[in-house]
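# Chains, contacts and geometry: an overview
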Amino acid sequence: MEALRRYFRSPPAVLGLILLLAVLAMAASAGWLYPRDPLSLAGRPLIWPLQDARFLLGTDNSGRDIAAQIFHGARFSLLIGLVATVIAVIIGVVIGACAGYYGGWVDNILMRITEAFQTLPNFLLLLVLVAVFGSTITTVTVAIGIVSWPAPARLTRAEFLSLRNREFVQAGRVLGLRDAALIFGEILPNALPPIIVYASVVMGVSIVLEAALAFIKLSDPNIASWGNLIGLGRDVLRVQWYVSAIPGVAILITVLGVSLVGQGLNDALNPRLKAR
Amino acid sequence: MRILKLAGRRLAASIPTLFLILIGIFLLLQFAPGDTVDALIAQMGGGGDAELAKELRRFYGLDVSVAMQLVNYLWRLVRFDLGFSAIYGKPVVTVIAERLPATLLLMTSALSFAFFAGLVLGVIAARRVNQWPDTLISTLGLIFYATPSFWFGLMAIVVFSIYLQWLPAGGFEDITLVQTGLSRTIDIARHLVLPSLTLGLIFLAIYLRIMRASMLEVLNLDFVRTARAKGLDETSVVVRHVLRNALLPMVTLIGLQAGTMLGGSVVVESVFSLPGLGRLAYESVVQRDLNTLLGIVFVSALLVILINFIVDLAYARLDPRITAEG
Amino acid sequence: MNLTRRAVLMTSAAIAANVVRPELSFAQAAPRKGGVFTVHFPAEQRQLNPSLQASTGVYIVGGKIQEPLVDLDANGQPVGVLAESWEAAPDGKTITFKLRQGVTWHDGKPFTSADVAFTAMNMWKKILNYGTTLQLFLTAVDTPDANTAVFRYERPMPLNLLLRALPDLGYVSPKHLYEDKGDIRQNPLNLAPVGTGPFKFVQYERGQYIIADRNPNYWRPNAPYLDRIVWRVVTDRSAAAAQMEAGQIHYSPFSALTISDLARLGKDPRFVVSTKGNEGNARTNTIEFNFRRKELSDVRVRRAIAHALNIPFFIENFLGAFAKRGTGPIPSVSTDFYPSDNGPQYPYDKALAAKLLDEAGYKAAGGTRLSLRLLPAPWGEDISLFATFIQQSLGEVGIKVDVVRNDAGGFLKQVYDEHAFDLASGWHQYRNDPAVSTTVWYRSGQPKGAPWTNQWDWTDPVIDKIIDDAATEVDPGKRKALYGEFVRRANSELPIWTPIEQIFVTVISAKARNHSNTPRWGSSSWHDLWLAE
């Protein structure tokens, strides 16, 4: 389609796609390249990268292979990012759609709730949620999703507000379509593009939020997430800084890729607003 | 006076939201395992018997039912009493007042740095669009956006404090010397350089991108072409006509980012040992000091509302077509 | 204390050379008067009065401002501070302290026996953690004159137990500033302490620093040497090491830096890194078993778990030079109580572990014999490293371990109150006498929710009797023998395992003199500490 061609004409967008595919490739090949449990003891602790042929990226303070953790961590970081984003978008879309479509007191109440979530600093709410519900990968992911839904909600509401009085919607009403059918069948597909683009922002933020939680040792210690590795490396930061640096670079590349893809999608889908 | 009335109305409109937040957090934290007495015993290293624990719970007001505790809290709140901090043994208002300046200073300098640097860089990038300055700046912006702030902070300490020894490694000011006036200001400023850079980094990236996009959009509008046709040089065009309009999205963004910045300050304050609200919030969650946590939530919510209000006023100044009443 | 252990982290050279430094045993150069000593203060406490809270977090500040009746000297023997001498009646129910004369509080009022009586009856007995247990049978403190305090107990109190405990649990507060001033816990003095010590409290900026200045009226002649002490609040450990290297901090107490920073600074000639001065703060890492889990109530399973851990490997590769193999609940630094025979030690033997598990009936069907939840305490880097190591090692004998993270309050609640754990791992702090905080880990009948006590649902009448007898045995020789039996029984029944022994590590500027000269130096008053140029 036209949009796809526009996407591939932009170098940053293509770069983003390449980065993202690289990370996906890491995630996919992790089981094959590093079949052992990435959290198992592999060698002496704190071996520098490129010093030992078995451990190209070195080992961390528990003697675990960093390269294995990076590859397996790609799975977890992408998974956490994706699931948290899906949760945030679903909640946000449902709330935003209802608020935008029905208006009136429904809109009022839902916007009050949204405002409440937005006024509260999201990292604080995250801390409280993790303190209450624990630090397993499930609870952390759900907590990040819960903390991120307000922005998609606002976006959805804005889209619905502008779309709900369009002709095709009025036509649908005349045809006797029920509300649910109208919302999910007619309006939502038209409102989705900007939401999907924004989802890339949410995904980037989710990945960094998990890393921040792991940095203050509040994430799940049983999975080889990049954030956990950064948190571990904090204790040896001054000399063996590579333990924190390498997963930091991995996060950087992933978030960069996701952002560039999102930006590329945005430019491709909205050529008029593209700043060229 | 109109402004005061507007502020009052805005505040009144936010009251339901505030209550929602406070009640929500209060109830949520009830489900956390352990209470503030457990956290205190962890600090003491044990050695208390059951009597001691019971006595402490009575002391902290935890021996009544949850519903009663919530009612007590709300009743105090209505009379502007934020309660007593379990960790500090002082009124929450005092504790927050002691920590507020550091956070405000940090947020202001981080925001200023991000805003103005983002503005300047965004303008440069827009003026030289698609040439190498633009590519360089845009790339840097993306990298800053994707860098985890805490990692950047620690690396900055290693580079600037240990190896180069240009800046202090943490703290708010040098307490071994007694300083006043200008030298104290400079000392605090030196201590805030790295934290502000760290906290502001991601916002710099965002502002940069927005400013650039906004500038590019405005540069192509009719009235700019008119100004150019009138023979005005490029700089005048930019400063007098374009900037004002391009600033609008930037200003809006400040309001939206206020809450995020407060959250980001938790980690930055911990890395740089700054005595601010962010670290206080983290401590109150870990030590289950409900009064302090709710007080911080209350104050930060007020802060966000205030900032958004100021943003709306600024918005109205920048674009006379919009009035502050929205 | 580990002075000749080789450092084994990758880039190691022996740091023993740094540990035995000439300054420590130097015949004194003339002490320099003056100077500001900065201390790393990692964890702010809710209050600073050591008569109300017994923890190193309080002593690091409060111990310079207030003083106990008795402290420990360089050889670990009790030496009088606010008390000059003491004697016990033969039946052990009366202990008389003769107090030091000519001592004044920082506000100028004289220190008298009334202060001791007030503090003992209202603070040590009613509020002070560990003090409430120690002084459980204290009935009264008589004050026949201003310099004599007579402690009367209804059950015999072994004198050496009291003398060993008083350095931590015997700080005195001023009666005239606490009596009839409302709730003791809410007295604002708790955050601005008044004492008799070498330094007077000046200021506490919460979240930033505490300042104390020299006490010009201190009762020791020509003391203290320092002008001022500043405690800097730095919660991030890497940042604290950075500040030490940048010269902003002189002293980091109680292993407050990361393990790798300790090793690194140990090789830096500007610093002294050692365990000297902390022998009174020994601790053992624990593995705690929840007997409510049927599998763990079988002693063979517990022993198998012990055999599955290669402790020497762990210590050598992860903990560095300052940890050693523990032999039981009483650490080797306790010369008064360390038994010559510690009972079974469970050396690393994977085959034996597998065999014991098979015998107990947990075969490895498809790789996993059983699944356990491990809750590590959140207050130590070594604890989380140990938890990871346990997870990996037990995985190799077919036990799947899930590590569950909690913060401090949550951990205490989950383990000691709700008993929602299978394995727990933390620290057991030894406080110079087993009766203070060690036997409670084994004695049955502990109230639910009391942390660091026997919450395993394990009862052993044999060990209960040994513990009770030893607590009231007045003869030191017999007491030591009883505790020897206690250790052997503890190691054979294994309700908890204590395989690693550690002493806190001090990192201090090489310019400091007269440091680390008592077994609890970090908590002591520093009256003789001075800074060279």
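Counting from 1, residues in each chain are numbered in the order their sequence is written. Starting at A for chains and at 1 for ligands, labels are handed out in the order in which the entities are written. Where local features are concerned, this predicted model is filtered to residues with pLDDT of at least 70; where side-chain atom pairs are given and counted, the filter is 80 or more; whole-chain, interface and lining totals use all residues.

To continue, consider the overall build of chain C. The numbering of helices and of strands both runs from the N terminus, where a helix is a DSSP run of H or I of at least 4 residues and a strand a run of E of at least 2. Secondary structure summary: chain C contains 17 helices and 22 strands in total. Against the globule reference of 24 Å for 533 residues, chain C gives a C-alpha radius of gyration of 24 Å, in line with a compact fold. Each principal axis of the C-alpha distribution contributes one length, and for chain C these read about 75 × 55 × 40 Å. Here chain C, with 533 residues, has 58% of them falling under the buried criterion. Counting contacts in chain C only where the partners sit at least 6 residues apart, residues at least 24 apart contribute 71% of the total. What the globule rule says is 2.2 Å times the number of residues to the power 0.38, and the radius of gyration is computed from C-alpha atoms. Burial is judged by counting the other C-beta atoms within 10 Å of a residue's own C-beta: 20 or more makes it buried, 12 or fewer makes it exposed, and any count in between marks it as partly exposed, with every C-beta position built from the backbone. Residues are defined as contacting one another if the C-beta atoms placed from their backbone atoms lie within 7 Å.

Right, let's talk about the overall build of chain B for a bit. Each helix and strand in chain B was counted, giving 12 helices and 0 strands. Secondary structure elements in chain B, listed N-terminal to C-terminal, are α-α-α-α-α-α-α-α-α-α-α-α. C-alpha atoms of chain B, sized along the principal axes, occupy 85 × 55 × 40 Å. Considering chain B as a whole, with its 326 residues, one finds that 46% of them fall into the buried category. Relative to all contacts within chain B whose residues are 6 or more apart in sequence, the contacts with residues 24 or more apart total 72%.

Turning our attention to helix H3 (residues 56-65) of chain C. Among the 10 residues in H3(C), 10 count as buried, and that is most of the element. Within the sequence span of H3(C), burial applies to Thr56(C), Gly57(C), Val58(C), Tyr59(C), Ile60(C), Val61(C), Gly62(C), Gly63(C), Lys64(C) and Ile65(C).

So, on to the sheet that holds strand S7 (residues 148-153) of chain C. Residue and element names in this part refer to chain C. Pairing between strands is defined by DSSP: at least two bridges between them are needed. Sheet architecture is open: 4 strands sit in the order S4-S5-S7-S6, paired in antiparallel fashion. Two strands bound the open sheet, and with one partner strand each, they are strand S4 (83-88) and strand S6 (138-145). Averaged over neighbouring strand pairs, the angle between their axes works out to 20 degrees when direction is ignored. Interaxial angle, 0 to 180 degrees, is taken between N-to-C directions of lines fitted to C-alpha atoms, where a helix line uses only the stretch in contact. Running over the sheet, helix H4 (residues 113-124) touches strand S5 (94-99), S6 and S7 and is turned about 175 degrees from S6.

Residue-level contacts link 48 residues of chain C with 44 residues of chain B. Breaking the side of chain C that touches chain B down by element, the ones donating at least two residues are strand S1 (36-41), helix H5 (131-134), strand S10 (228-233), helix H8 (237-245) and helix H14 (408-417) of chain C. When residues of the side of chain C that touches chain B are assigned to their parent elements, the largest contribution, 6 residues, is made by H14(C).

As a further point, take the packing of helix H5 (residues 92-127) of chain B against helix H6 (residues 132-146) of chain B. What describes two packed helices is the angle between their axes and the distance between those same axes. All names here are of chain B. With their axes 7 Å apart at the nearest point, H5 and H6 run at an angle of 140 degrees to one another. Considering their axes alone, H5 and H6 lie oblique with respect to each other. Relative to H6, H5 is oriented so that their crossing is left-handed. Every residue of H6 that contacts H5 at Leu121, Ile124 and Ala125 is listed here: Pro133, Asp134, Ile137 and Ser138. Amino acids are sorted into nonpolar (Ala, Val, Leu, Ile, Met, Phe, Trp, Tyr, Cys and Pro), charged (Asp, Glu, Lys and Arg) and polar (every other residue, Gly among them). For the contact of H5 with H6, the per-class residue count stands at 5 nonpolar, 1 polar and 1 charged. Angles below 35 degrees are treated as roughly parallel, those above 145 as roughly antiparallel, those between 65 and 115 as roughly perpendicular, and all remaining angles as oblique. Two helices crossing with the near one rotated counterclockwise from the far one by less than a right angle form a left-handed crossing, whereas a clockwise rotation gives a right-handed crossing.

With that out of the way, let us pick up the interface of chain C and chain A. Of the residues lining the interface, 20 residues belong to chain C; the matching set on chain A comes to 20 residues. Of all elements in the fold, only H8, helix H9 (259-266), helix H11 (311-319), helix H13 (381-396) and strand S16 (399-403) of chain C reach the threshold of two or more residues within the side of chain C that touches chain A.

pLDDT is defined as a per-residue confidence score from the predictor, taking values between 0 and 100. Considering every residue of chain B, the mean pLDDT works out to 81; 90% of them sit at 70 or more. When mean pLDDT is compared element by element in chain B, H5(B) scores highest at 88, while helix H9 (residues 222-229) of chain B scores lowest at 72.

Here we come to the pairing of strand S12 (residues 271-274) of chain C. Remember that side chains alternate between the two faces of the sheet whenever the strand is regular. Residues and elements named next belong to chain C. Residues Phe271 and Val273 point to one face of S12 and Val272 and Ser274 to the other, with burial holding for every one of them. Bridge count for S12 against strand S20 (residues 506-509) is 4 bridges, and the pairing is antiparallel. Bridge pairing in S20 links serine 274 to threonine 506.

Let's shift gears to the environment of Leu15(A). Residue and element names in this part refer to chain A. When you line up the elements, leucine 15 lands in helix H2 (residues 11-33). Here leucine 15 falls in the partly exposed class, since 17 other C-beta atoms lie within 10 Å of it. Along the primary structure leucine 15 and leucine 260 are separated by 245 residues, whereas in three dimensions their C-alpha atoms are 7.4 Å apart.

For the α-helix, the turn length of 3.6 residues means that residues three or four positions removed from each other point alike. Among the 8 residues that make up helix H10 (residues 226-233) of chain A, 8 are buried, leaving the element largely enclosed by the rest of the structure. Lining the buried residues of H10(A) we find helix H3 (66-102), helix H9 (179-215) and helix H11 (242-269) of chain A together with helix H7 (149-163) of chain B.

Residue and element names in this part refer to chain C. Relative to strand S9 (residues 209-214), strand S8 (residues 199-205) runs antiparallel, the two sharing 6 bridges. Opposite phenylalanine 201, over in S9, you have alanine 212 as the bridge partner. Hairpin connection of S8 to S9: 3 residues between the antiparallel strands, including glycine 207 at a positive phi of 85 degrees.

Only buried Ala, Val, Leu, Ile, Met, Phe, Trp, Tyr and Cys residues enter a nonpolar core, and they are joined through C-beta atoms within 7 Å. In terms of nonpolar packing, the biggest core is built from 338 residues, with Leu126(A) and Val297(B) touching the most fellow members. Element by element, the count of residues in this core is highest for H9(A), at 19 residues. If we ignore the near neighbours within four places in the chain, the residues touching Val297(B) are Leu120(A), Leu124(A), Ile21(B), Leu22(B) and Ile25(B).

Attention now goes to the confidence of the model for chain C. Residue and element names in this part refer to chain C. Model confidence for chain C is summarised by a mean pLDDT of 89, while 95% of its residues fall at 70 or above. Residue range residues 1-27 is modelled with pLDDT below 50. Its contacts to residues more than four positions away, or to other chains, number 46 contacts. Here the complex is predicted with pTM 0.83, and the ipTM for its interfaces comes to 0.80.

Residue and element names in this part refer to chain A. Structurally, alanine 30 is set in helix H2. Along the primary structure alanine 30 and alanine 151 are separated by 121 residues, whereas in three dimensions their C-alpha atoms are 34 Å apart. Setting aside chain neighbours within four positions, we find alanine 30 in contact with Phe71, His72, Ala74 and Arg75.

Let us look at unusual backbone geometry. Among all residues except glycine, the phi angle is most often negative; among peptide bonds, the trans geometry is most common. All names here are of chain C. With omega at -10 degrees, the peptide bond leading from alanine 223 into proline 224 counts as cis. Tracing the backbone through its elements, the reader meets proline 224 in the loop between S9 and S10. Its identity as a non-glycine residue notwithstanding, asparagine 222 has a phi of 55 degrees, on the positive side. Summarising the element assignment, asparagine 222 is placed in the loop between S9 and S10. One non-glycine residue, serine 255, lies in positive phi territory at about 50 degrees. Here serine 255 is to be found in the loop between strand S11 (251-252) and H9. Residue class for serine 255 comes out buried when judged on the 24 C-beta atoms lying within 10 Å of it.

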